[in-house]
Amino acid sequence: MLVSATEMLKAAVAGKYAVGQFNINNLEWTKSILQTAQENNSPVILGVSEGAGKYMTGFKTVSAMVSAMTEDLGITVPVALHLDHGTYDGAYKCIDAGFSSIMFDGSHYPIDENIEKTRELVGVCHSKGISIEAEVGAIGGEEDGVVGGGEVADPDECKMIADLGIDFLAAGIGNIHGKYPENWQGLNFDVLAQIKEKIGDLPLVLHGGTGIPADMIKRAISLGVAKINVNTECQLYFQEATRKYIEEGKDLVGKGFDPRKLLAPGCEAIKTIVKEKMELFGSIGKA
Ligand SMILES: [Zn+2]
């Protein structure tokens with residue numbers, strides 16, 4: 001059964017750890033992440049971007065697959081199915097499709113419009129027991145063609161959005177989606193502390209979790225970050241393992257061409273990196 005992310009993130013704030021959001025692209029991704037969460041007794045959030053939802057033929061397909069898979073695999077740890085960087089229309093589609101959590105990303109709207117749309121969606125989500133994440137200020141890098149520049153959120157705007165009753169808040173603190181540039185300045189902990197002071201115990205979300213050094217991740221968690229989004233790293237691990245399998249000619253041996261064999265090393269690699277992240281975030285044993 002899918003649950004909202006509200007309770008798992010409240011517990012994370014109280015326990016000073018973070019729950020990973022791992023984005024899914026297909027059945028193999030979903031299975032690898034769910035199995036890793038179960039094996040490590042960790043809560044988990046499955047993220048779905050609008051692009052990935054489209055790729056998997058639609059949010060209804062995604063929701064049905066994830067619900068059925070948690071049942072078939074006997075998953076007992078808390079699992080939230082979460083729309084990542086949702087548009088206004090996408091948010092409604094996922095609410096209808098049975099997602100248990102959504103992010104409405106109104107960060108590209110003027111703040112007043114972001115507030116109005118977020119307020120409306122908070123009401124709809126909460127009437128259905130769905131958790132909602134909102135965002136202030138663009139986060140850098142690229143996600144589904146949305147480009148930003150390592151931006152930093154205004155703590156006062158964070159407070160305005162937090163006061164709408166959202167369940168967790170994404171705020172730019174110099175983090176970037178995708179691979180980090182070599183001249184990256186690092187996370188802005190001064191701004192993070194200012195935001196934390198304004199919003200109290202509301203869980204904070206760190207996007208662009210791939211490539212942030214472990215010590216910065218730990219410091220961010222100590223300052224109130226309770227959800228960390230990981231996407232690119234799973235893709236890179238999958239790619240590297242798949243490349244190795246083919247370069248070693250294993251697809252040419254016996255039934256090595258069978259997709260269940262061909263994709264297996266990539267799936268194992270995803271499990272490895274997801275477990276590493278759960279260890280770093282401190283969520284192991286917290287289900
Ligand atoms: Zn993001």
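Read on for an overview of the structure. (Residues numbered from 1 in each chain as written. Predicted model: local features only at pLDDT ≥ 70, side-chain atom pairs only at ≥ 80, totals over all residues.)

1. Considering the packing of helix H4 (residues 59-72) against helix H5 (residues 88-97)
Two elements in contact, H4 and H5, have axes separated by 9 Å at closest approach and are oriented at 40 degrees. Looking at the two axes, H4 sits oblique to H5. H4 and H5 meet at a crossing whose hand is right-handed. Contact residues: Phe 59, Lys 60 and Ser 63 in H4; Lys 93, Cys 94 and Ala 97 in H5. In terms of residue class, the contact of H4 with H5 is built from three nonpolar, one polar and two charged. (Axes fitted to C-alpha atoms, helices over the stretch in contact; angles between N-to-C directions. Helix = DSSP H or I, 4+ residues; strand = E, 2+ residues; numbered from the N terminus. Parallel < 35°, antiparallel > 145°, perpendicular 65-115°, else oblique. Left-handed = near helix turned anticlockwise from the far one by under 90°. Contact = placed C-beta atoms within 7 Å. Nonpolar A, V, L, I, M, F, W, Y, C, P; charged D, E, K, R; others polar.)

2. Side note on the packing of helix H7 (residues 155-162) against helix H8 (residues 189-199)
The relative placement of two packed helices comes down to the angle between their axes together with the axis-to-axis distance. Interaxial distance between H7 and H8 falls to 9 Å at its minimum, and their mutual angle equals 35 degrees. Remark: the crossing between H7 and H8 carries right-handed chirality. For the pair H7 and H8, the contacting residues are Pro 155, Cys 158, Lys 159 and Ala 162 in the first and Val 191, Gln 194, Ile 195, Lys 198 and Ile 199 in the second. Split into classes, the residues belonging to the contact of H7 with H8 amount to six nonpolar, one polar and two charged.

3. Points about the environment of Gln 185
You can see Gln 185 is positioned in the loop between strand E9 (176-177) and H8. Taking the C-alpha atoms as reference points, Gln 185 and Lys 198, 13 residues apart in sequence, are found 24 Å from one another.

4. Quick look at the nonpolar core
The biggest cluster of nonpolar side chains holds 78 residues, and the ones touching the most others in it are Ile 33, Leu 46, Ile 102, Leu 169 and Ile 270. In terms of residue count, helix H12 (residues 264-281) provides more of this core than any other element does, eight residues in total. Setting aside its immediate chain neighbours within four residues, Leu 46 contacts Phe 22, Ile 24, Thr 30, Ile 33, Val 66, Val 79, Leu 81 and His 82. (Core = buried A, V, L, I, M, F, W, Y, C linked by C-beta atoms within 7 Å. Buried ≥ 20, exposed ≤ 12 C-beta atoms within 10 Å, placed from the backbone.)

5. A short note on the pairing of strand E3 (residues 79-86)
Across the eight residues of E3, eight count as buried, placing the element largely inside the fold. Two elements, strand E2 (residues 44-49) and E3, share six bridges in a ladder whose sense is parallel. Residue pairing across strands places Val 44 opposite Val 79, the latter belonging to E3. Sheet analysis places E3 next to strand E4 (residues 101-104), joined by three bridges and oriented parallel. Bridging across to E4, His 82 finds its partner in Ser 101. With respect to chirality, the unit in which E3 leads through H5 into the neighbouring parallel E4 is right-handed. (Pairing = 2+ DSSP bridges. Right-handed = clockwise from strand over helix to strand, strands pointing away.)

6. Here's the deal with helix H9 (residues 214-222)
Buried within H9 are the following residues: Ile 217, Ala 220 and Ile 221. Buried residues of H9, seen end-on, are gathered within an arc of 100 degrees and therefore sit on one face of the element. Residues of H9 that are exposed and angled more than 90 degrees away from the buried face: Asp 215 and Ser 222. Buried positions along H9 lie against H8, strand E10 (204-206), strand E11 (225-230) and H12. Following H9 by one or two positions, Gly 224 has its phi on the positive side, about 110 degrees. (Arc of directions from axis to C-beta.)

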